[in-house]
Amino acid sequence: MTHLIKTFTSALHQSALKPSRLIVAFSGGVDSRVLLELAAQYAQTHDIECRAVHVHHGLSENADYWVERCQAWCDVLSVSLAVERVSLDLNSGESVEKLARDARYKAFEQHVRSGDVLVTGQHIDDQLETFLLALKRGSGPKGLSSMAKIMPFGKAFMLRPLLSVTRSDIETSAHNMGLTWVEDESNQDLRYDRNFIRHQVTPTLIERWPSFRESVSRSAQLCAEQEFLLDELLESHFQQALRGSKSLSLSIEALSQHSDLLRGRLLRMWLNHCNQPMPSQKQLKLIWDEVACAQADANPKLVLNDVEIRRFNNQLYLVQDTQDLSSWQSDISAEGSLVLPDGLGELHLSSAMSEGVSSNRDLQSFSLSDKSVTLRVIFNPEGLSAHPVGRGHSRKLKKLFQEYQVPSWLRRRTPILMDGDRVIAVLGLFVDKNYEGQDCEALWSK
């Protein structure tokens with residue numbers, strides 16, 4: 001135990017993190033059982049809070065018993081335990097392993113805040129298995145770099161303090177401390193690739209080459225260093241392709257100036273910058289061939305995991321899956337506020353300030369002949385026309401959205417303020433000429 005607490009403490013100190021709280025990913029297995037003891041001891045020594053999160057997947061008939069045991073162990077250490085129950089879509093086509101892993105990390109993210117450090121119990125044997133799985137998939141250096149010791153996680157950081165420790169060392173320490181833990185019966189199921197590697201492949205490799213784990217760990221670290229170096233060398237090219245878009249879009253013109261290899265790397269950097277999983281070679285080719293290089297009059301899109309890659313105005317965009325708002329509408333008074341759907345913010349209407357026009361650029365001024373009238377907010381521009389102030393004539397909203405350079409996927413996510421069947425304003429774009437004036441103000445707070 002002494003050498004493990006030194007390893008744990010050293011990992012935190014080397015990371016230069018000064019956590020306000022330690023959050024333990026606590027499954028109840030031997031690795032996390034030892035991790036909980038180490039975290040609780042560290043927290044007590046450094047006078048910080050320690051909490052644990054257990055994820056109940058519902059995959060095992062013993063899952064409820066595991067929750068009971070985890071709660072009992074946390075109670076002994078005076079560590080608060082949160083239990084997250086998740087359900088997995090077993091018909092999604094993804095492996096159970098990936099579904100469970102993604103669900104765990106999504107659950108953990110709900111329990112961390114700025115200043116926290118999430119600690120997990122992966123060790124050097126896990127690193128070896130991850131490396132071999134990446135090798136089996138034909139991964140490049142990024143995949144082969146396997147698990148990072150420290151990385152950003154939501155608003156906090158995730159640390160794997162036992163990544164240099166073997167599974168047998170952890171088990172020995174657990175026995176020496178007289179700890180008990182739960183055993184997940186699925187860990188013996190050789191149908192899962194990781195278990196097959198753990199029980200059938202790794203023992204043979206280590207018997208032949210006793211330092212094989214350390215060699216693989218070193219190779220993973222070298223791959224990670226090469227990835228960091230490559231990103232550093234290409235940062236200027238990446239920023240040129242972003243062109244100040246804050247990661248929302250990528251310039252197709254800038255990408256087209258580079259070789260296939262460099263362009264693919266920049267696309268990967270962009271997706272990583274947007275917190276997306278790394279695409280395959282085939283997916284990278286589809287992004288370029290079928291989206292970026294589609295015909296000029298096309299409106300191409302490629303579904304990639306849970307997002308879409310779209311093109312507009314010679315830029316590539318990453319678009320999150322959104323709710324269809326075509327049929328949504330709501331009333332609002334001329335002195336009212338309205339919470340917009342699907343995270344689009346709030347709309348506030350009010351009388352204009354007596355001093356004159358506000359300097360707030362997000363405000364749009366307009367005039368109403370009857371301020372007691374009830375207005376409507378809709379998102380469907382179909383069949384509507386408007387005559388923007390300063391324009392020569394009326395046009396269909398479809399044409400106006402094109403002229404105002406609004407991407408196609410945002411045209412039904414832009415609030416339209418209506419007076420009966422007439423358009424008062426398209427928020428963020430223009431006010432109709434028939435409502436020109438300074439009597440009222442609309443503020444769309446996104």
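Our structure is the block above this text.
Worth saying up front: this structure is predicted, and the values here are computed from it rather than measured.

Caption draft 1: Main features of the pairing of strand β19 (residues 422-426). The buried fraction of β19 amounts to 4 of the 5 residues, a majority that puts the element mostly inside the structure. Two elements, strand β18 (residues 416-419) and β19, share 4 bridges in a ladder whose sense is antiparallel. If you follow M418 over to β19, its bridge partner there is V423. Summarising the sheet, β19 and strand β20 (residues 430-431) pair through 2 bridges and their orientation is antiparallel. Following the sheet pairing, V426 is matched in β20 by F430. Counted along the chain from β19 to the antiparallel partner β20, the turn is 3 residues long, and its residue G428 has a positive phi close to 85°.

Caption draft 2: The arrangement of the pairing of strand β3 (residues 80-85) in detail. Note that strand β2 (residues 49-56) and β3 share 6 bridges and pair parallel. From the neighbouring strand, V55 faces β3, where its bridge partner is E84. Chirality of the crossover, the property in question, places the unit of β2, helix α3 (residues 63-77) and β3 among those that are right-handed.

Caption draft 3: Structural detail: the sheet that holds strand β15 (residues 374-378). Judged by pairing direction, the sheet is antiparallel, and its 5 strands sit side by side in the order β11-β15-β18-β19-β20 without closing on themselves. At either margin of the open sheet sits one strand with a lone partner, and together these are β11 (329-333) and β20.

Caption draft 4: Representation of the packing of aromatic side chains in the model. Going through the model one piece at a time under the given rule, you end up with 9 aromatic pairs. For the ring pair Y105 and F153, a centre distance of 6.1 Å and an interplane angle of 65° mean the geometry is edge-to-face. Of this pair, Y105 sits in helix α4 (residues 96-109) while F153 is found in strand β5 (residues 150-153), placing the two residues 48 residues apart along the sequence. For the cation-ring pair, R263 lies above W288, with the distance from its terminal atom to the ring centre recorded as 4.2 Å. The ring of W444 is capped by K446, whose NZ or CZ atom sits 4.3 Å from the centre of that ring.

Reading the values: rules and limits
- Residues numbered from 1 in each chain as written.
- Predicted model: local features only at pLDDT ≥ 70, side-chain atom pairs only at ≥ 80, totals over all residues.
- Heavy atoms only, no water.
- Buried < 20%, exposed > 50% of the residue type's maximum accessible area, 1.4 Å probe, protein only.
- Helix = DSSP H or I, 4+ residues; strand = E, 2+ residues; numbered from the N terminus.
- Pairing = 2+ DSSP bridges.
- Right-handed = clockwise from strand over helix to strand, strands pointing away.
- Phe/Tyr/Trp six-rings, centres within 6.5 Å; stacked < 30°, edge-to-face > 60°.
- Lys NZ or Arg CZ within 6 Å of the ring centre and 35° of its normal.

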